[in-house]
Structures are given as C-alpha cells and as structure tokens.
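An overview of the molecular structure
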Amino acid sequence: MKPLGKIAIIGGGSWATAIAKIILTIQENILWYMRRDDRIEEFIQLGHNPAYLTGIKFDVNKILFSSDINKIVDEADILIFATPSPYLKDHLKKLEKDLSNKLVVSAIKGIVPDENMIVSEYLSKFHAVPAQNLCVLGGPCHAEEVALERLSYLSVACENADKANIIADLFKNNFVKTSISSDVIGVEYASVLKNVYAIASGICHGLKYGDNFQAIFISNSISEMDRFLNAVKPCERNICDSAYLGDLLVTAYSRFSRNRIFGTMIGKGYSVKTAQLEMEMIAEGYYGTKCIKEINEKHNVSMPILDTIYDILYAKKLPQFAIRKLTETFK
C-alpha cells in the first residue's frame, strides 16, 4: 500500500476509538485529537480509552495525542471526523487552520444542529473543503463489533472515485471489508434517517410490539427513506445496498444501537430528558428527527414515521397512541 501521509482522528468517543483500532491494523501511527487533557493522560497511562471501548488495547507509542485541534490538523494529510454531530461546531470554532487542501472523511452520522446541514455540506460551505476532497463513511457497522473483530462492512462515498478507493483501502483489513459509492448526499442522509428509524424501532420494542410488526416497520421505513433521498438527491441508487438498507437494519435491530436503546426507554415510559440523562452516549437520531423534519418542509415528502417520532420526542405525544395511529398507514 502506498504511503498516505499522516492520518488524524478527530474525536474521542466509541466510534473514533473503533476507527483508530481499524487504521492501526495497517498503519504504523496516527494523530488523535481529543478535547480533554485528562482523558489523554489516562489513555496513555492505561493503554486504552478510559471512557469508551475500554477492552481495546493500544500501543500508545504509535499515537500522537493532542487537545490542540490546530496542531493535529496542521500536521495531518487525512482528517477523519468522528465526533457527535451536536459537538462538531464547537470543535471547529477553535480551528484556525485551512481544511481546503486536506482529504476529509466524515464518520459522523448526524446533521449539524442549527444549520440543518449534513456534515459534508457544512464542511464545504464553512470550511471550503472541495467536493473531490470530501468522503463520507457509512455503515453498516457498530463500534462494539469492531472492538470484537467481528466481520464488518463499511461504505465510502466520494465524488472522486480514486479518493474513495484510497479511503476504502485505509479501512480494509482482515475483519473489515469496504465498498465505494459516488452517492455522498444519499449515503449521508441515509445515515441520519436510519438513526431516526432506530429510535422508532426501539419505541415499538418498548411498547412490546413483536418481530412480525418490526418486519413491517422496517419495510415501511426503507420506503420512506427512499422517497426522501429521491427528493433531496435524485440519482440511480439501489436502496437495498448495504449503505442504506444494511445500515438501517443493524441500527434498528442491534443491542449495541444507542438510538434503539433510547427509543426503547421512551416506549417504556421514560421522558426524553430522563432517557438522555441515563444514556452514556448521544442518540444522534434525537437531533436528526428535528433537523430532517425541518428540511422536509422544503421537499414535502410523505414521511409518516418521521412525523410520528417528531410528535413523540418534541410534541410530547404519548407513544402508545402515536404508534397505534402510525400502524394504520403501513402496508
């Protein structure tokens, strides 16, 4: 494999940690930005992330840590952003370095709040990253299974096929397979919507709907996703590809899915605030629901599942009645 230059990870959570594990199976070293110096110090002392995926052991001599995002960005050639979407703007507010000449990978499965933009659009508009230098990392893949080295698949979307292949090779090892796509916007919006639908799946599970219903729910969810993607970015895509249906399935069904867990708590009667407080990690779909709802005001796509989850999470409608009404729209 040809030298790729210096590779940096931006973020210190579970997905960032899983990505670091993948890359260090084939790269000699990485740069790693984490916000908190105390976490960095603990990481170096313990040889693992002190807060996330603690079972993954690292050779810390292969990692240059820093809480200075400008230092990391300045030294890196490839930047992999893996922070929760609500925190992205705060991290980038500190950034003084130019991103336009970097190869940037968004591994963020959410929308930038307040801006109502997917991350690739935000980086393009506010940080002048050209489209040919922007890649999106899609699923289906959970950090916890990467930690266990269970066979997983990732999708890399970029308008430039050569750069998509570069990033796909970067993530390819004996337990991760990769594929490429040119559908950047579609893959990124799909990664947002699947979190919304995973919350809905969790709510239904919390309300004790069974597997028969979940199958119908997923069928209707993928149809709704397809309608929205075709409205936002019409192109030839196979909605059954792993970046769309596969990512939806694993997020809606997996016990590792934080969005499903969050939804299950709501279905069992937790308030949104209580569920958020008990969650150790952010459920991206909570923020994605509001953002997609507002974006859809422009496109006016029929999205009864999205509308129902918005009503439950933001309009405080009772889940049992809202879901029962939703079931009447299913085919």
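Everything below is about the structure shown above.
Residues numbered from 1 in each chain as written. Predicted model: local features only at pLDDT ≥ 70, side-chain atom pairs only at ≥ 80, totals over all residues. Heavy atoms only, no water.

Position of K163 relative to the elements: it lies in helix 7 (residues 161–170). Through-space distance from the C-alpha of K163 to that of C135 is 7.9 Å; in sequence the pair is 28 residues apart. If sequence neighbours within four positions are ignored, K163 has contacts with L103, Q132, N133, C135 and C158. (Helix = DSSP H or I, 4+ residues; strand = E, 2+ residues; numbered from the N terminus. Contact = heavy atoms within 4.5 Å.)

The angle between the axes and the distance between the axes are what describe a pair of packed helices. The interhelical angle for the contact between helix 9 (residues 211–232) and helix 13 (residues 284–299), taken along N-to-C directions, is 60°, at an axis separation of 11 Å. Relative to helix 13, the element helix 9 is oriented oblique. The two elements helix 9 and helix 13 cross, and the hand of that crossing is left-handed. Residue-level inspection shows F228, A231 and V232 of helix 9 in contact with helix 13, the latter providing I292, I295, N296 and H299. Among the residues making up the contact of helix 9 with helix 13, the classes are represented as 5 nonpolar, 2 polar and no charged. (Axes fitted to C-alpha atoms, helices over the stretch in contact; angles between N-to-C directions. Parallel < 35°, antiparallel > 145°, perpendicular 65-115°, else oblique. Left-handed = near helix turned anticlockwise from the far one by under 90°. Nonpolar A, V, L, I, M, F, W, Y, C, P; charged D, E, K, R; others polar.)

Residue P140 follows G139 across a cis peptide bond; omega there is 10°. For P140, the location among the structural elements is in the loop between strand 8 (134–138) and helix 6 (143–147).

What follows covers the pairing of strand 3 (residues 63–66). In this structure, strand 2 (residues 30–33) lies alongside strand 3, joined through 4 bridges in parallel fashion. Directly across from L31, in strand 3, lies its bridge partner L64. (Pairing = 2+ DSSP bridges.)

On to the packing of helix 13 against helix 14 (residues 304–313). As a packed pair, helix 13 and helix 14 sit with axes 10 Å apart at the nearest point and diverge in direction by 120°. Here helix 13 lies oblique to helix 14, going by the angle between them. In this structure, helix 13 meets helix 14 at a crossing whose hand is left-handed. Facing helix 13, whose interface residues are Y286, T289, K290, I292 and K293, helix 14 presents L306, D307, I309, Y310 and L313.

What follows deals with the environment of F43. Locating F43 in the fold gives a position in helix 2 (residues 37–46). In sequence terms F43 and T54 are 11 residues apart; their C-alpha atoms lie 9.6 Å from each other. Other than its neighbours up to four places away in sequence, F43 contacts W32, M34, H48, N49, P50, F58, V60 and F65.

From the geometry alone we can't say anything about function, so treat these as descriptive.
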